[in-house]
Amino acid sequence: MTPAQQLATIGVIIVGTMLTRFLPFLFFPPGKPTPRCIRYLGRVLPGATFGLLVVYSLKDVTIFSGSHGLPELIACAVVVALHLWRRQMLLSIAGGALCYMALVQFVF
């Protein structure tokens, strides 16, 4: 990339970031009630994102070769246990990822 292209890229990134930060405050001011569709998305998107992450993580698991999917199964059990225990999605995802990496690197 030329220096002009690099500056243009950085400028576009800055504008895009600022728009995503400021537009919600313009569309949904503090004194105005939040629309029903936005509240609905706020309720369902975290679970949908978690489901998408599960499908993406398990799409290439083969139970007939290698470790037979045991690291993935154990990591999924850790995710479920952490989520039932603490009800914090980020902790569940991070705990499952760390468990899976540890299993793959040191056990299987």
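To be clear, the structure that these remarks concern was listed above.
Owing to the predicted nature of the structure, the values given are computational and were not obtained by experimental measurement.

(A) Local environment of helix 2 (residues 36-58). Here helix 2 is 23 residues long and its end C-alpha atoms lie 34 Å apart, about the 33 Å a rise of 1.5 Å per residue gives. At Val44, helix 2 shows its maximal bend, which comes to roughly 35°, and the proline Pro46 appears one to four places after that position.

(B) A look at the pattern of salt bridges. One pass over the full model with this rule turns up one salt bridge. Linking Lys59 and Asp60 is a salt bridge whose minimum nitrogen-to-oxygen distance equals 2.9 Å. Relative accessible area serves as the criterion here: at 60%, Asp60 is assigned to the exposed category.

(C) Here's a closer look at the layout of surface pockets. The space that makes up the largest pocket amounts to roughly 450 Å³. For the largest pocket, the lining is made up of 16 residues, of which Ser57, Cys76, Val79, Gly96 and Ala97 are closest to its centre. Taken together, the elements giving at least two residues each to the lining of the largest pocket come down to helix 2, helix 3 (70-86) and helix 4 (89-107). Examining the composition of the lining of the largest pocket, we find that six residues originate from one element, helix 3, more than from any other. For the lining of the largest pocket, the class distribution of residues is twelve nonpolar, three polar and one charged.

(D) Inspection of the state of the cysteines at higher detail. Enumeration over the complete set of coordinates arrives at zero disulfides. Distance from the sulfur of Cys99, which forms no disulfide, to the nearest cysteine sulfur (Cys76) is 9.6 Å. With relative accessibility at 17%, the residue Cys99 sits in the buried group.

How each quantity is defined
- Residues numbered from 1 in each chain as written.
- Predicted model: local features only at pLDDT ≥ 70, side-chain atom pairs only at ≥ 80, totals over all residues.
- Heavy atoms only, no water.
- Helix = DSSP H or I, 4+ residues; strand = E, 2+ residues; numbered from the N terminus.
- Expected span 1.5 Å × (residues − 1).
- Bend = angle between axes of the 7 residues up to and from the residue.
- Salt bridge = Lys/Arg side-chain N within 4 Å of Asp/Glu carboxyl O.
- Buried < 20%, exposed > 50% of the residue type's maximum accessible area, 1.4 Å probe, protein only.
- 1 Å grid on protein atoms, 1.4 Å probe; cavity = no way out; pocket = protein on both sides within 12 Å on 5 of 7 lines; lining within 4 Å.
- Points joined across faces, edges and corners; volume = space filled by probe spheres on them.
- Nonpolar A, V, L, I, M, F, W, Y, C, P; charged D, E, K, R; others polar.
- Disulfide = S-S within 2.5 Å.

So far we have only geometry, and geometry alone does not tell us how the molecule works.
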